[in-house]
Amino acid sequence: MENDEIKAVLEGLKPPEDLFAQMARQKDGFTEVWLGVRKVYGADLDCEGWYKDMRPTGEEAPAMLWCSGCEQRAVVAWMSKTEEGYRGHSRTKRGIRLYDHDSASVAEKWEYDKLRCPCCGKAGRLYNTDQMRGRTEQMVVTVPYVRQGVLLLVQWAADRWVEPHSTEGWSMRCRTLPLRAYAIDGKKITAWRKAVKGPYGSVLEDLENWEKLERFTDRLGIPYFYCKKPPDLRGTALENAKLWEWMKEVYTKNLFAPLAYIRLYLRHPNTEVLVTASLGEMLAQWIKDECQPYYGYSGSYTWTSPQLHWVHWKERRPSAMLGLTRSELRKFLTWKKDYRVKKMWITTGHPAGLTMEEADQVEARFSMHQAMDMLSKGNMGCEELRKTIRYLNKQSCDWYILRDYRDMQQKLGIDWTADPLLAWPPHLRQAHDRAASAVRYEQNKGLEQKFADMTERCRGLAWEYNGICIRPAESVEELVQEGKTLHNCVGGYGKAHADGRIILFIRHTRRPERSWFTLNVDVKEKKIIQNHGYCNEYAHGQTLHIPKAVQNFVAMWKREVLEKWTLPKPKKAQKTNAGTSAA
């Protein structure tokens, strides 16, 4: 279909008549109910159209209760009271009293209170006349159409709002406005627009005609979708794509990204095999993780095209596409693991020979992330992995300590693979600390003066509150000793401290010389990077936690000190004026 033909088709499209009704039935759709109340007089009650009189005695001052869900009105008792507001100013608060027939009791409700409509039973909030003014709700809904063998995904802005009515109280108004469209014609996808953002960003301006965008970008993402009776895809390029079957499986889980799936299918038609093999939800999670939206200059997000390079797209069977046998695929489908863990096992664990049972055993001691990191970054096979796990269990350490130790040996120019005692030190934590000290010594050469200058500029961050104090580190050596005491890598942060990502010591006021926690802060951006204590909160096979008092202290310090403080400019070196005296 030519561009002029697509444009003509788009001009003739209309939104479904039941669009608002369908969106109201969906989760997170048009679910908000507004209950408006306003005072009326006795003569107004003679008019027709009232649901019923809900006043407890029938003698109280009347008020109208109107529901946006059913647009019916009931008579309730009017209440008002005067409250003292901000800085001594008084304000009038309005409310209602009504008899609840279900509970056989009298209920009192005030502005913004939750209330169930006595007419239709829908739950909402109570608003007075001023608060009802300008109430509006908008959804951007994607509606699918098929015209002349082309699938059109059209986005409609569906607006509904409240307007005052002379006799009914209020009335609901609805409007639909076409925004964007995506045309899938064969393997070609084109993007169109019918509205643009106005000068104030959020206001939409309707264009006179549909315009084709020169550059295609996926701004559809995971949309609100009109799911009632999707069009037949026979005769289109997506006839065998299993698009609607995939939608039924993943839409309620907020994973349905139609355009991303279509782009993947057009590149790899065997994508539908994964949907048929009950892998649709997992596929949706993988697509979402890979195509996470990023924000462009216009402030709107776009989705990248999914690749899933680790899937064997040349294969036709679902098991072979994932690199598994049929029996492994059956066990994989029933394996109760997170989709991220399953992906790590497929891409890293299974190629190395790690079975699902062994993966469960590894996760019982370590996290799956650590196990997969051993296989990928540790360059080890399955047997080497088992040996590493036995060694770490004996040392009561996690993998990251061993990995850091070996990385530091390489930085020092030492070949740890040449000597088993270097590869598997009898006391890993002490060997790690010695290697860290050696690396820090090499890194911290010449840093002392820069370190001291940055510390002097950050003196204003020292603070004391509620028995806890904080101050910047004084020297590189003090930082190294702090790392040795707390058994973490803070001793290697000398250069970072000198560059403005400083280290501050958090300690008890009564024991200021005793190490406790170290806070890493970017003073140029006024941003807290990390806060750690002994062994980075993991010691002797147990996960530790930062005390609530320390967390509250850091939050208070950030608000009261860091955010109000400005980094002083560095002091310039004084110049000496060399001159000659007159004889």
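Coordinates for the structure precede this section.
Parameters at a glance
Residues numbered from 1 in each chain as written. Predicted model: local features only at pLDDT ≥ 70, side-chain atom pairs only at ≥ 80, totals over all residues. Heavy atoms only, no water. Helix = DSSP H or I, 4+ residues; strand = E, 2+ residues; numbered from the N terminus. Buried < 20%, exposed > 50% of the residue type's maximum accessible area, 1.4 Å probe, protein only. Contact = heavy atoms within 4.5 Å. Lys, Arg positive; Asp, Glu negative; His and termini not counted. Charge placed at Lys NZ, Arg CZ, Asp CG, Glu CD. Arc of directions from axis to C-beta. Pairing = 2+ DSSP bridges. Axes fitted to C-alpha atoms, helices over the stretch in contact; angles between N-to-C directions. Phe/Tyr/Trp six-rings, centres within 6.5 Å; stacked < 30°, edge-to-face > 60°. Salt bridge = Lys/Arg side-chain N within 4 Å of Asp/Glu carboxyl O. Expected span 1.5 Å × (residues − 1). Polar contact = N/O pair within 3.5 Å; in protein donor to acceptor, adjacent residues only side chain to side chain.

**Re the overall build of the protein chain**
When helices and strands are tallied, the protein chain shows 20 helices and 23 strands. Once the C-alpha set of the protein chain is aligned to its principal axes, its extents read approximately 100 × 75 × 75 Å. Within the protein chain, the fraction of its 583 residues that count as buried is 45%. The long-range fraction of contacts in the protein chain, counting pairs at least 24 apart against all pairs at least 6 apart in sequence, stands at 58%. Computed over 90 positive and 74 negative side-chain charges, the separation of the two mean positions in the protein chain equals 3 Å.

**Digging into helix H11 (residues 356–365)**
Buried within H11 are the following residues: Met 356, Glu 358, Ala 359 and Val 362. Buried positions in H11, seen along its axis, are confined to an arc of 150° and lie on one side of it. Seen from the buried face of H11, the exposed residues on the opposite side, beyond 90 degrees, are Gln 361 and Ala 364.

**Quick look at unusual backbone geometry**
Negative phi values dominate among residues other than glycine, just as trans dominates among peptide bonds. A positive phi is found at Lys 242, a non-glycine position, where the angle reads about 55°. With respect to the helices and strands, Lys 242 occurs in the loop between strand E14 (224–225) and helix H4 (243–250). Here Lys 526, not a glycine, exhibits a phi torsion of approximately 55°, which is positive. With respect to the helices, strands and loops of the structure, Lys 526 is situated in the loop between strand E20 (517–522) and strand E21 (527–532).

**As for the environment of Met 454**
Among the secondary structure elements, Met 454 is positioned in helix H17 (residues 448–457). Along the primary structure Met 454 and His 497 are separated by 43 residues, whereas in three dimensions their C-alpha atoms are 7.3 Å apart. With near-sequence residues (within four places) excluded, Met 454 lies in contact with His 497, Ala 498, Asp 499, Gly 500, Ile 502 and Leu 567.

**A closer look at the sheet that holds strand E12 (residues 188–197)**
Spatially, E13-E12-E11-E10-E9-E14 is the arrangement adopted by the six strands of the open sheet, whose pairing is mixed. A single partner strand is all that each edge strand has here, and the edge strands are strand E13 (204–212) and E14. In terms of strand pairing, strand E10 (residues 150–165) meets strand E11 (residues 169–185) through 15 bridges, oriented antiparallel. Counterpart to Arg 160 in the pairing with E11 is Cys 174. Packing against the sheet, helix H1 (residues 3–11) makes contact with strand E9 (136–147), E10, E11, E12 and E13, and its axis sits at approximately 50° to E12.

**What about the packing of aromatic side chains?**
Enumeration over the complete set of coordinates arrives at 15 aromatic pairs. Each ring, one from Tyr 391 and one from Trp 424, has its centre 5.1 Å from the other, and the planes form 70°; the classification is edge-to-face. Linking Tyr 391 in helix H13 (residues 382–395) with Trp 424 in the loop between helix H15 (420–423) and helix H16 (428–443), this pair joins segments that are 33 residues apart in sequence. Like Trp 424, Tyr 391 is buried.

**Regarding the sheet that holds strand E18 (residues 468–472)**
What the five strands build is an open sheet, ordered E17-E18-E19-E20-E21; its pairing is antiparallel. The open sheet has two edge strands with one neighbour each: strand E17 (463–465) and E21. Taken pair by pair, the neighbouring strands of this sheet meet at an average axis angle of 20°, ignoring direction. Looking at chain direction, strand E19 (residues 501–508) and E20 are connected through six bridges and run antiparallel. Among the inter-strand pairings, Phe 505 is bridged to a residue of E20, identified as Thr 518.

**Observations regarding the pattern of salt bridges**
This structure, assessed with the given rule, holds 30 salt bridges. For Glu 111, the salt bridge identified is with Arg 91, shortest N-O distance 3.5 Å. With Glu 111 in the loop between strand E6 (105–110) and strand E7 (114–116) and Arg 91 in strand E5 (residues 90–100), this residue pair connects regions lying 20 residues apart in the sequence. Look at Glu 111 and you get buried, because its relative accessible area is 5%. When its relative accessible area of 38% is taken as the criterion, Arg 91 is described as partly exposed. By sharing partners, the salt bridges in this structure join Lys 81, Glu 83, Arg 91, Arg 94 and Glu 111 into a single network.

**A word on the pairing of E12**
As defined by bridge partners, E11 adjoins E12 across six bridges and the pair is classed as antiparallel. Note on E12: the bridge partner recorded for Ala 183 is Thr 190. Hairpin connection from E11 to E12: two residues lie between these consecutive antiparallel strands, with Gly 186 at a positive phi of about 65°.

**Description of helix H20 (residues 548–562)**
For H20, built from 15 residues, the straight-helix expectation of 21 Å at 1.5 Å per residue is met to within 8% by its first-to-last C-alpha distance of 20 Å. Among the residues of H20, Val 550, Phe 553, Val 554, Trp 557, Val 561 and Leu 562 are the ones counted as buried. One face of H20 carries all of its buried residues, which in axial projection span an arc of 100°. Of the surrounding elements, those touching the buried residues of H20 are E17, E18, E19, E20 and E21.

**Describing the side chain of Arg 55**
When you line up the elements, Arg 55 lands in the loop between strand E2 (50–53) and strand E3 (62–67). Using a relative accessible area of 12% as the deciding quantity, one classes Arg 55 as buried. Within the local environment of Arg 55, its side chain forms a polar contact with the side chain of Asp 53, the two groups lying 2.8 Å apart. Among the polar contacts listed, one links the side chain of Arg 55 to the backbone oxygen of Gly 58, at a separation of 3.2 Å. If we skip the residues at most four places from it in the chain, Arg 55 touches Leu 45, Glu 60, Ala 61, Pro 62, Val 75, Val 76 and Ala 77.

Read these as layout, nothing more, since geometry by itself doesn't imply function.
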